[in-house]
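# Fold and geometry: a report
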There are 2 protein chains.
Amino acid sequence: MVESSSDEILEDADKSDIAFLVVGDPFGATTHTDLVLRAKELSIPTKSIPNASILNAIGATGLQLYNFGQTVSMVFFTDNWRPASFYDRIRENASIGLHTLMLLDIKVKEQSLENMARGRKIYEPPRYMTVAQCAQQMLEIEEEKGGKVYNEDSLAIGCARVGAEDQRFACGTLKELCDIELGPPLHSLVLLGKRAHELERDYIRLFAVNEGTFDRSWKKYHDTK
Amino acid sequence: MVESSSDEILEDADKSDIAFLVVGDPFGATTHTDLVLRAKELSIPTKSIPNASILNAIGATGLQLYNFGQTVSMVFFTDNWRPASFYDRIRENASIGLHTLMLLDIKVKEQSLENMARGRKIYEPPRYMTVAQCAQQMLEIEEEKGGKVYNEDSLAIGCARVGAEDQRFACGTLKELCDIELGPPLHSLVLLGKRAHELERDYIRLFAVNEGTFDRSWKKYHDTK
């Protein structure tokens with residue numbers, strides 16, 4: 001992990017050129033900002049090269065990147081840990097009509113509690129949250145909180161393997177997406193903001209799970225004329 | 001322009017492979033979404049390749065991409081045309097504490113009114129809005145509207161040639177940025193949201209125009225502890 005190895009990464013970087021490759025854009029998260037800050041403290045010059053990332057590749061859904069609000073993360077719920085800060089962030093975006101991109105949890109190199117307790121370096125198989133799991137957790141939290149930030153018939157787009165040859169999009173109500181199967185990871189989800197453009201509608205309707213439910217929800221939530 | 005030439009671009013695209021190169025990400029704006037929609041209507045398969053764009057390259061400021069709201073455009077004001085919709089968009093972002101990326105006007109292949117009237121294809125020299133011009137127009141509109149969405153001492157980051165070898169950032173109050181000179185285009189500007197992280201502060205303070213005014217404004221608007 002970058003966080004714990006920044007000393008190692010920066011070791012000798014004052015004497016020789018060190019390249020550091022990342023998935024997506026180097027500044028998509030705080031981790032790499034921190035690395036650059038540490039380099040600056042050590043007077044080590046840095047240079048970064050921007051790259052495509054899910055934050056703009058999501059434009060392939062046909063939704064306008066201008067109309068996205070803050071990006072949120074959704075983690076796997078457990079029996080006693082159900083972090084719901086995403087709900088407040090979505091509420092904020094929704095309050096001004098913006099789309100919300102949700103990045104879904106990835107569990108790699110996780111140890112079971114037992115293995116951790118015994119200090120055994122045995123790791124669980126990697127887990128990647130699916131669009132269906134995300135939609136389910138979203139509806140669970142809406143039911144708990146009752147803030148009417150979104151509903152079972154709110155429109156969202158399930159996205160799989162964005163940018164890859166076999167990328168897939170499925171636009172449907174959250175209820176429909178609870179049962180969607182989009183294949184291998186990585187998945188992400190976009191909850192539509194109220195302020196959606198007709199051109200966006202025409203585009204995302206092309207991958208509607210069900211055009212009837214799509215049209216009904218669009219009319220109910222997005223047809224502001 | 002893509003808008004007026006889509007028929008030409010799509011001509012014969014059903015028979016042979018047509019590649020279409022764009023600056024930035026292909027779906028950064030509606031223009032290319034429209035092109036893909038037209039292709040789909042003609043049953044022409046399309047494939048797009050995501051690319052870095054200002055929307056994520058702006059992460060090089062050290063501001064967290066997660067914490068940006070909707071992106072807005074700022075156009076050159078004229079004597080009788082001062083579109084201020086950007087102000088409402090900023091207000092919305094600010095109301096939930098988010099940063100706002102402002103993309104600045106580019107005037108290329110513009111005709112003077114006289115040349116246009118006479119049908120002369122003589123074009124004015126290209127013009128690119130600077131950070132200073134943007135900051136000035138922002139303050140003019142705040143003065144007109146009086147909505148206290150931002151002030152002379154609100155912090156913003158002037159950005160020039162993001163992603164290029166000679167990219168430059170200058171963080172200062174809007175008043176300071178009214179006089180900033182950042183060199184050749186393209187410029188853009190980020191108005192800081194209230195919900196800024198300490199790590200963001202440490203990073204952007206490195207290119208503060210004046211550390212004293214930076215610290216005062218940070219304390220006034222962003223130090224929420």
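Heads up: the structure comes first, above all this text.
Here goes a summary of the coordinates provided. (Residues numbered from 1 in each chain as written. Chains lettered and ligands numbered in written order. Predicted model: local features only at pLDDT ≥ 70, side-chain atom pairs only at ≥ 80, totals over all residues. Heavy atoms only, no water.)

## Details of the overall build of chain A
Helices and strands together make up the secondary structure of chain A, namely nine helices and seven strands. With the principal axes as the frame, chain A shows a C-alpha extent of 60 × 45 × 35 Å. With 225 residues in all, chain A has 47% of them scored as buried. Excluding contacts between residues fewer than 6 apart, the proportion of contacts in chain A whose partners are at least 24 apart in sequence is 66%. (Helix = DSSP H or I, 4+ residues; strand = E, 2+ residues; numbered from the N terminus. Buried < 20%, exposed > 50% of the residue type's maximum accessible area, 1.4 Å probe, protein only. Contact = heavy atoms within 4.5 Å.)

## Here's the deal with unusual backbone geometry
In this structure, the amide linkage connecting Pro185 of chain A to the following residue, Leu186 of chain A, adopts the cis form with an omega of -5 degrees. Among the structural elements, Leu186 of chain A can be located in the loop between helix H7 (174–177) and strand S7 (187–191). Look at Lys148 of chain A: it is not a glycine, yet its phi comes out positive at around 50 degrees. On the basis of relative accessible area, Lys148 of chain A is assigned to the exposed category, the value being 69%. Phi at Ser43 of chain B takes a positive value of approximately 60 degrees, unusual for a residue other than glycine. Mapped onto the fold, Ser43 of chain B is located in the loop between helix H2 (30–41) and helix H3 (54–57). Ser43 of chain B sits in the exposed class, given a relative accessible area of 64%.

## Thoughts on the environment of Tyr87 of chain A
Residues and elements named next belong to chain A. Mapped onto the secondary structure, Tyr87 falls in helix H4 (residues 85–95). Of the residues examined, Tyr87 reaches a relative accessible area of 0% and is grouped as buried. Sequence separation of Tyr87 and Val72 is 15 residues, and the distance between their C-alpha atoms is 9.0 Å. In contact with Tyr87, other than residues within four places in its own chain, are Ile141, Glu142, Lys145, Gly146, Gly147, Lys148, Val149 and Tyr150.

## Some remarks on the packing of aromatic side chains
Evaluation of the coordinates by the stated rule reveals ten aromatic pairs over all chains. Judged by centre distance (6.4 Å) and plane angle (70 degrees), the rings of Phe27 of chain A and Tyr203 of chain B are edge-to-face. Of this pair, Phe27 of chain A sits in the loop between helix H1 (2–10) and helix H2 (30–41) while Tyr203 of chain B is found in helix H8 (residues 198–204), placing the two residues in two different chains. Residues Phe27 of chain A and Tyr203 of chain B agree in their burial class; the two are buried. For the pair Tyr87 of chain B and Tyr150 of chain B, a centre-to-centre distance of 5.7 Å together with 70 degrees between the ring planes defines the contact as edge-to-face. Taken together, the positions of Tyr87 of chain B in helix H4 (residues 85–95) and Tyr150 of chain B in the loop between helix H6 (131–145) and strand S5 (155–160) put the pair 63 residues apart, joining distant regions of the chain. Accessibility classification places Tyr87 of chain B together with Tyr150 of chain B in one group, the buried group. Following the ring pairs from residue to residue traces out a cluster consisting of Phe27 of chain A together with Phe169, Tyr203 and Phe207 of chain B. Stacked on the ring of Phe76 of chain B, the Lys or Arg Arg127 of chain B has its end atom at 4.2 Å from the ring centre. (Phe/Tyr/Trp six-rings, centres within 6.5 Å; stacked < 30°, edge-to-face > 60°. Lys NZ or Arg CZ within 6 Å of the ring centre and 35° of its normal.)

## Comments concerning the relation of the copies chain B and chain A
One copy of the chain maps onto the other through a rotation about an axis followed by a shift along the same axis. Least-squares fitting of chain B to chain A yields an RMSD of 0.0 Å, with the transformation described by 0.0 Å of translation along the axis and a rotation of 180 degrees. Expressed as an axis order, the relation between the two copies is that of a two-fold axis. By residue overlap, the copies meet face to face through one surface: 100% of the interface positions of chain B are interface positions in chain A. (Least-squares fit on C-alpha atoms with pLDDT ≥ 70 in both.)

## What about the pattern of salt bridges?
On inspection of all chains with the given rule, the structure shows 32 salt bridges over all chains. Notably, a salt bridge pairs Glu165 of chain B with Lys47 of chain A, separated by 2.6 Å at the nearest N-O pair. One end of the pair, Glu165 of chain B, is in the loop between S5 and strand S6 (168–173); the other, Lys47 of chain A, is in the loop between H2 and helix H3 (54–57), on a second chain. The class for Glu165 of chain B is exposed, based on a relative accessible area of 67%. The exposed category is assigned to Lys47 of chain A, whose relative accessible area is 61%. With a shortest N-O distance of 2.8 Å, Arg205 of chain B and Asp215 of chain B are connected by a salt bridge. Within this pair, whereas Arg205 of chain B is found in the loop between H8 and helix H9 (211–222), its partner Asp215 of chain B is found in helix H9, the two being separated by ten residues in sequence. A residue is classified by how much of its surface remains accessible, and Asp215 of chain B, at 33% relative accessible area, is partly exposed. A single salt-bridge network, built from bridges that share partners, covers Arg82, Glu140 and Glu144 of chain A. (Salt bridge = Lys/Arg side-chain N within 4 Å of Asp/Glu carboxyl O.)

In short, shape yes, function no, at least from these values alone.
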